[in-house]
Amino acid sequence: MKKDLIPELAQRLWQAGKSGTAADAAAADQLDDLEMAYAVENATRHLALAAGDRTIGYKIGLTSQPARDAFGAREPAVGHLLAGRILQDGQPVVTAGLFEPKAEVEVAFILGEALPGPSVTAQDVYRATAAVAPAFEIVDSRWRGGARTLPMLVADNTNAACAVLGPRVEPPPADLSKITATLLTGSRTVPGSAAAVMGDPARAVAWLAGHLLRNGSRLEAGDIILSGTLCAPTPISAGDRLVADLGELGRVVVDVS
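Here is a short report on the structure shown in this document.

The rules behind the values
Residues numbered from 1 in each chain as written. Predicted model: local features only at pLDDT ≥ 70, side-chain atom pairs only at ≥ 80, totals over all residues. Heavy atoms only, no water. Helix = DSSP H or I, 4+ residues; strand = E, 2+ residues; numbered from the N terminus. Expected span 1.5 Å × (residues − 1). Buried < 20%, exposed > 50% of the residue type's maximum accessible area, 1.4 Å probe, protein only. Arc of directions from axis to C-beta. Contact = heavy atoms within 4.5 Å. Salt bridge = Lys/Arg side-chain N within 4 Å of Asp/Glu carboxyl O. Pairing = 2+ DSSP bridges. Axes fitted to C-alpha atoms, helices over the stretch in contact; angles between N-to-C directions.

1. Observations concerning helix α1 (residues 6-19)
Item 1. Here α1 spans 20 Å end to end across 14 residues, near enough to the 20 Å set by a 1.5 Å rise per residue.
Item 2. Burial in α1 covers these residues: I6, L9, A10, L13 and A16. Taken around the axis of α1, the buried residues stretch over an arc of 125°, which confines them to a single face. Of the exposed residues in α1, those oriented more than 90 degrees away from the buried face are P7 and K18.
Item 3. Close packing links the buried residues of α1 with α2 (34-50) and α5 (150-155).

Here you go:
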């Protein structure tokens, strides 16, 4: 693994996110494998922390089989959530500085307890969850032309741009697998289902707990987890109003400027 290239690639992605100039995708040819990709992702996180941001949780990508197939992935992918990338109520998604942003409709989990065990199940996740919330994740690749490979996707924090959380539901429903969603934007209506997220978003969080444990970390009380998209990623542009209706979980609304 070309460890000496990790800081350079992290710096390129970090600068792309700050400057609005996409990182040269040719540099990604040096990404050897997922181990190196996660090392680059972690290095970009440290750059954000050094700039005054803080980590508040995780995002899970590639939670549907078609999405994994598109990247030749055997399992989902993990990114980190930064406090500075969570939009407050009424704050718009600003497209300036983004490249090809898309909206994903998600169920956000807010943990009330840590999940330290080696064999976390979906039921463990339900017991440890203090609340859930309907959410938007805005995804965007900082590589010029987008992520062509799985290591490119992972190194770029699994395309995380920003997120919007709707009102919390406490306690969460006992079974999220039956939740359906509708994304409305302009004249477009995009249907979705929680069953697309590994059969149940809680299973995705259970998978995340195992992934973190294998890599020397764990889910902690207070962590926020974006568990995977219920709807197909939908391109957005300035002037759009995004409305996601998740039935008993409520709605989340955000304007795009």
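2. Topic: the pattern of salt bridges
Item 1. Across all of its chains, the model carries nine salt bridges by this definition.
Item 2. For R12, the salt bridge identified is with E8, shortest N-O distance 2.9 Å. Taken together, the residues span about one helical turn, with R12 and E8 both in helix α1 at a distance of four residues.
Item 3. On the basis of relative accessible area, R12 is assigned to the partly exposed category, the value being 33%.
Item 4. We note a salt bridge from D124 to R127, for which the minimum N-O separation is 2.5 Å. One end of the pair is D124 and the other is R127, both in helix α4 (residues 122-128) and three residues apart, which spans about a single turn.
Item 5. Accessibility expressed as a relative area gives 57% for R127, which makes it exposed.

3. Points about the environment of V139
Item 1. Structurally, V139 is set in strand β5 (residues 129-139).
Item 2. When the C-alpha atoms of V139 and I236 are compared, they prove to be 10 Å apart, with 97 residues separating the residues in sequence.
Item 3. When neighbours within four sequence positions are excluded, V139 is seen to be in contact with K59, E100, P101, K102, E104, N159 and A161.

4. Comments concerning the pairing of strand β7 (residues 180-185)
Item 1. Where burial is concerned, the two faces of β7 differ: the one with A181, L183 and T185 is buried and the one with T180, T182 and L184 is not.
Item 2. Bridge count between β7 and strand β8 (residues 188-193): six bridges; the pairing is antiparallel. Across the sheet, T182 pairs through a bridge with P191, a residue of β8.
Item 3. Counted between consecutive antiparallel strands, the loop separating β7 from β8 contains two residues, among which G186 sits at a positive phi close to 60°.
Item 4. Across four bridges, the pairing between β7 and strand β11 (residues 241-245) is antiparallel.

5. Looking at the sheet that holds strand β12 (residues 251-255)
Item 1. Pairing in this open sheet of four strands is antiparallel, and the strands run β8-β7-β11-β12 from one edge to the other. Edge strands, defined here as strands with exactly one partner in the open sheet, are β8 and β12. With strand direction ignored, the average angle separating the axes of adjacent strands in the sheet is 15°.

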